[in-house]
Amino acid sequence: MGFKKKNVIIAVIIGGVVMILPIFFRDSRYYMNILNFSGIFIVLTYSLNLIHGYLGLISIGHAGFFAIGAYVTAGLTMGTTLNFFPSLLIASTAAALAGILLGFPATRIGGHYFVLITLGFGEIVRLIILNWKEVTNGTNGLNNIPPPSFGSWVFASRFSYYYLVLFFILVTMLLTLSLRRSKYGRSMLSLKTGELAATAMGVNPLTTKLINFGMAGLFAGLAGGLYASYIGSISPEAFSVDLSVEVLVMTLVGGSGTLLGPIIGTTFLMVLKEWLRFLREYYMILYGAGIVFVMIFMPYGIMGLAKRISSQLKS
Amino acid sequence: MHNLFKNLSSFALVLCLVLIFAVTSLAKIKVGVISSQTSGLAILGQRQINAAILAAEEWNEKGGINETKIRLIIEDSSDKTTTAVTALDRVLGKNVCAILGPIYSFQLFAMFPEVKKEKIPMLSTSGTRKLTQMDNRWYFRTYPHDGITKQACTLYAVEELKSKRPSLMSVTTEYGKSGYEIITNILKAKGIAPVAETWHEKADKDMTGQLMRIKRSDPDIIISQAHPSDTAIVLKQQRDLGIDIPHMASSAASMPSVHKLVGEAMEGVYVETVTLPNFDPDPNIRAWTKKYIEKFKKKPDSFALLYYDTANFLFEAIKAVGPNRTKIRDWLETTRYKGLAGQYRFDQEHNGAFFAIIVQYHIKDGKAVPELKKKYDFTPK
Amino acid sequence: MIQEIVAGFSMGCIYALAGFGFVLVYNAVGAVNFAHGELVMFGGYFGYAFSTHLGMPLWLAFVVTLLAMAILGILFNQVAYLPIRSRPVSTVIIASIGMSILLRNSALAIWGPDPLKLNSFLGDSVIKIGAAVISRHQLLIFAVTAFVFTGQSLFFSRTAIGRKLQATAQDQEAAKLMGIKVTRMINLTFVLAAFLAVIAGFLVAPLWFLDPEVGLAIIVKAFIAIIIGGFGSIPGLVVGGIFLGLTEVLVASHLTSEYKDVISFFILITVLMAMPQGFFGEKIAEKV
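So, here is what we can say about the structure in this document. (Residues numbered from 1 in each chain as written. Chains lettered and ligands numbered in written order. Predicted model: local features only at pLDDT ≥ 70, side-chain atom pairs only at ≥ 80, totals over all residues. Heavy atoms only, no water.)

The next subject is empty space enclosed by the protein. On inspection of all chains with the given rule, the structure shows 12 cavities of 30 Å³ or more. Considered as a void within the structure, the second largest cavity measures approximately 320 Å³ in volume. Sorting the residues of the lining of the second largest cavity by element identifies α8 (228–240) of chain B together with α1 (2–29), β2 (132–135), α5 (136–158) and α8 (182–208) of chain C as the ones contributing at least two each. (1 Å grid on protein atoms, 1.4 Å probe; cavity = no way out; pocket = protein on both sides within 12 Å on 5 of 7 lines; lining within 4 Å. Points joined across faces, edges and corners; volume = space filled by probe spheres on them. Helix = DSSP H or I, 4+ residues; strand = E, 2+ residues; numbered from the N terminus.)

Residue and element names in this part refer to chain A. Estimated volume of the second largest pocket: approximately 1500 Å³. What lines the second largest pocket is a set of 44 residues, among which I10, I14, M173, L259 and L260 lie closest to the centre. Contributing elements (two or more residues each) for the lining of the second largest pocket: α1 (5–25), α2 (29–55), α7 (158–181), α12 (261–275) and α14 (301–314). Tallying contributions element by element places α1 first for the lining of the second largest pocket, with 12 residues. When grouped by side-chain class, the residues that make up the lining of the second largest pocket number 27 nonpolar, 11 polar and 6 charged. (Nonpolar A, V, L, I, M, F, W, Y, C, P; charged D, E, K, R; others polar.)

What follows is about the interface of chain B and chain C. On the chain C side, the residues contacting the 38 residues of chain B number 38 residues. Interface of chain B and chain C: buried area, both sides summed, is about 3100 Å²; carbon and sulfur atoms make up 58% of it. Across the chain B-chain C interface, the total number found is 5 salt bridges. With a closest N to O distance of 2.5 Å, R47(B) and D114(C) form a salt bridge. Run the count over chain B and chain C and you get 11 residue pairs in polar contact (both at pLDDT 80 or more). Looking at the side of chain B that touches chain C, the elements with two or more residues in it are α1 (2–23), α2 (42–61), β7 (196–200), α7 (208–216), α8 and α9 (256–262) of chain B. A class-by-class count of the residues in the side of chain B that touches chain C yields 11 nonpolar, 14 polar and 13 charged. (Contact = heavy atoms within 4.5 Å. Buried area = accessible area lost by both parts, 1.4 Å probe. Salt bridge = Lys/Arg side-chain N within 4 Å of Asp/Glu carboxyl O. Polar contact = N/O pair within 3.5 Å; in protein donor to acceptor, adjacent residues only side chain to side chain.)

The next subject is the packing of aromatic side chains. All chains considered together, the criterion is met by 59 aromatic pairs over all chains. Between the aromatic rings of Y15(C) and W208(C), the centroid separation amounts to 6.3 Å while the plane-to-plane angle is 85 degrees, which identifies the pairing as edge-to-face. On the criterion of sequence distance, the pair formed by Y15(C) in helix α1 and W208(C) in helix α8 is long-range, its members being 193 residues apart. Of the two residues, Y15(C) and W208(C), neither departs from the other in class, the shared state being buried. By way of ring pairs, the aromatic residues F140(B), F313(B), W331(B), Y337(B), Y344(B), F346(B) and F355(B) are connected into one cluster. One residue, K177(B), lies across the ring of W199(B), its end atom 4.3 Å from the ring centre. For R329(B), the ring lying beneath its charged end belongs to W138(B), and the centroid distance is 4.3 Å. (Phe/Tyr/Trp six-rings, centres within 6.5 Å; stacked < 30°, edge-to-face > 60°. Buried < 20%, exposed > 50% of the residue type's maximum accessible area, 1.4 Å probe, protein only. Lys NZ or Arg CZ within 6 Å of the ring centre and 35° of its normal.)

What follows deals with a nonpolar patch on the surface. A contiguous nonpolar patch, built from W59(C), L60(C), V63(C), F121(C) and L122(C) and spanning about 460 Å² of accessible area, is present on the exposed surface. Mapped onto the secondary structure, V63(C) falls in helix α3 (residues 58–81). (Patch = residues over 30% accessible without salt bridge, like charges linked within 9 Å, V, L, I, M, F, W, Y side chains within 5 Å. Areas by Shrake-Rupley, 256 points an atom, 1.4 Å probe, with all protein chains shown as cover.)

We now examine the pairing of strand β2 (residues 70–76) of chain B. Residues and elements named next belong to chain B. Most of β2 sits out of view: 7 of its 7 residues are buried. Of the pairings in the sheet, the one linking strand β1 (residues 29–35) to β2 comprises 7 bridges and is parallel in character. In the sheet register, I34 faces β2, and the bridge partner there is E75. Since β1 and β2 lie parallel, the crossover through α2 that links them has a hand, and here it is right-handed. (Pairing = 2+ DSSP bridges. Right-handed = clockwise from strand over helix to strand, strands pointing away.)

Our next topic: the pattern of salt bridges. Think of it this way: side chains of opposite charge can pair up when their charged atoms draw near. For the coordinates displayed, the defined rule picks out 34 salt bridges over all chains. When the shortest N-O distance is used, the salt bridge between R126(A) and E201(B) registers 2.9 Å. Of this pair, R126(A) sits in helix α5 (residues 111–131) while E201(B) sits in the loop between β7 and α7, each in a different chain. With respect to class, R126(A) is no different from E201(B); both count as buried. Note that E38(C) is salt-bridged to R104(C), the shortest N-O span being 3.4 Å. Taken together, the residues E38(C) in helix α2 (residues 36–53) and R104(C) in helix α4 (residues 89–111) connect sequence positions 66 residues apart. In this structure, E38(C) and R104(C) share a single accessibility class: buried.

This part covers the packing of α1(A) against α7(A). Helix-helix packing: each pair is described by the crossing angle between the helix axes and the interaxial distance. All names here are of chain A. Relative orientation of the contacting elements α1 and α7 amounts to 160 degrees, with a least axis distance of 10 Å. With respect to α7, the axis of α1 lies roughly antiparallel. Note that α1 runs across α7; the crossing there is right-handed. Within the contact between the two elements, α1 uses V18, M19, L21, P22 and I23 and α7 uses F159, Y162, Y163 and L166. (Axes fitted to C-alpha atoms, helices over the stretch in contact; angles between N-to-C directions. Parallel < 35°, antiparallel > 145°, perpendicular 65-115°, else oblique. Left-handed = near helix turned anticlockwise from the far one by under 90°.)

Taken together, the contacts link 37 residues of chain A with 48 residues of chain C. In this assembly, chain A packs against chain C so that about 3700 Å² is buried in total across both faces, 78% of it on carbon and sulfur atoms. Interface area lost by chain A to chain C is led by H112(A), Y113(A) and L116(A), which between them contribute 22%. The interface formed by chain A and chain C includes 0 salt bridges. Counting across the chain A and chain C interface gives 6 residue pairs in polar contact (both at pLDDT 80 or more).

In structure tokens:
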């Protein structure tokens, strides 16, 4: 994945399409909303993409990071004079710290056992939000969260929010890419293939895992902050295990460990679910079937299939 | 498996209906309905949607509103915030003149900014106290809020049952948390402190720990707030564990499906609720319940009856002022309406219903039958 | 205190019962099947449909449910496991999550959202033993858990089919060379898992009731029990389940019910930090 000419051209084309895409949907509040939700969940999916794609670990506690990002951003923009962007930064840092904290057991506990740690983490965060009502306002949640602003510019419309989310997707992608190209990115991949061998080669599993988890927490916190200020109202219900599982599905349907997988998987599933709505109370059955279908015919996710097709075309 | 077949055929029917609607989208009065068709919240949501369908069909049989037929735009809000918000988009995209909303406050809170921005009247049968304290001039509540129902059950426990040592069991959802605060505040005003307070998750299946805690504190009543499944487990286990004190359960315990789960343990249980569609002596309500069961093959609950009233109230508004959002809101704010379940009139905060009843269940021939103990009416004069 | 211990034990046995089928599939074919909770739920729902709708006596409903679930088990395998069995474990996991969404919402469409009750083989009555109350159904749960626990280990160590299954689990290629029909063995595994789901379903449904979300609720608990006991270990599952059940009930009763799940998770995580492989460790190497 060097900066080959072909890749650059593809990136420019995709970038162009993504930039002008909302202009077609500008008048449809519904499509703009789907685009924005997809965008926010893409950032969240990138977070899990790091953990699963680069370390091979499964997390079903991502709603926890997401919630920390959302609540801290909302709390700071509502309760202090801080602007959106510094709040988001603090919130993401808080989530990153939570990620690092979760990274410690990851060095000791692996495989299935780690899944329980993440499940516990996600649930503990949710339960604290639910019960600590002096700070989080409990089940009534935080409402009237102001939309992001930058100077006098307010991202109040869905159209403008799209570009804000797009900016953060780009940041997330660039960070992912630069991490992968760094020494640590290679260490992570070597840890995924075999921890013992990697350690023998001089990879420090602790630092590598902590960096990975810190970054993952950062991305998820970012997504949470974007979510809170977009929807304007957050409450504990939105941060259940369901969300974490959904993000896991999005990651693997798109293709774990790939650069474009999170974008494709998230958008595909968001659009699939909304598109199936015409089936009324039966649509979720087909949504489940859709996930099974993708896994049967694209076991490495949609990106896996795309890669196979492109390599077949080459040969 | 006639049930499966029935559902498959109704599935095909729905598909046909969708197609027919797509073809014949003539000039109609469009009203949005957003509630949970899927997920664990569908237990209340599906009945509400049914109630709205029933109301709209009755109007349409009589020719609609001022000769124009009503078309309901029904969307699922599932158990998610995002699904609820996109459902709102879909409904608004069809240019509806008003919306019958979901019951759950976390979804309503997330919809409020758009509801205000779009200036669209939204009515729903939610109980969460906070909803009408958010200064949203477009939201109308047509169900007694927790401040009413919880006041009724607490007053009944303290004044009629002479409780001095009450204990509280609550579910950790918005419903239980909101009610808990109101109950403890009323108790405090009466100079009573609960001797035990326990919490459970909505999905918890064993309440032994909570009930044993209650038993040790030796209370004279249990006031519980929970959803259908957990209510049934609490009531059943209280009886199994031999904790022989009165129980004041929340309105979930008035649902017929819960009685089947609880069985004999329903004997003597007090329940705070709003109406009893399945047992009301009022012939109009009886006729309505019969019609509902015939059409949907399910017994309605109190939420469904009030949702039906809500839909009718809204259709009356449209009849009076036409499908104009602002005019509908203004009309709703100033008009009284007599529905099947009772009188509706919106106060400053847009709370529209103020009645509650306390019933006690007895087992007669293996069935739970309610006995009306007291009616409360807190309608502002 | 005795009362809480009884309740914690019976919850633990329920978690274990729901986990048996999950562990069986994992041990036999290495698949992590998150839809097993929905299979348990369908076991209960079929039992309800046959006994209440069709008026069969409960034992007959149980037998017919076994047959119906055997078919569902094979279908499940043919659709969501067999085509992807050589794929990465995470692919199989996501497919099982997809199946879980599919089955959950099918149950909602077929049986509706209201909770339903399947009757117990022994009715609703309770027995008083000293200061504690124990229901007949709870006694049945204890007995069946013990029976399934010993039965499963005997099946794998003493019967020919059990040994064939074990051989398939350890090395499919070698098993094939030995003349074992691998696909048939995998089908058999899913049928056995479905049978275990029916047993669990018939025992869980009278206490937990049946609603479309119950499968999810039970698999989460069973999964925790499996991990805390040691992934894939059958004694671990039972011990882990009882440990979890006791923790939950005792914390709710004696510490705090508001933060009971927070404290339970803290205890579980602490246990894992001390024993990173759970109580009983793991027989087979890590697969996720």
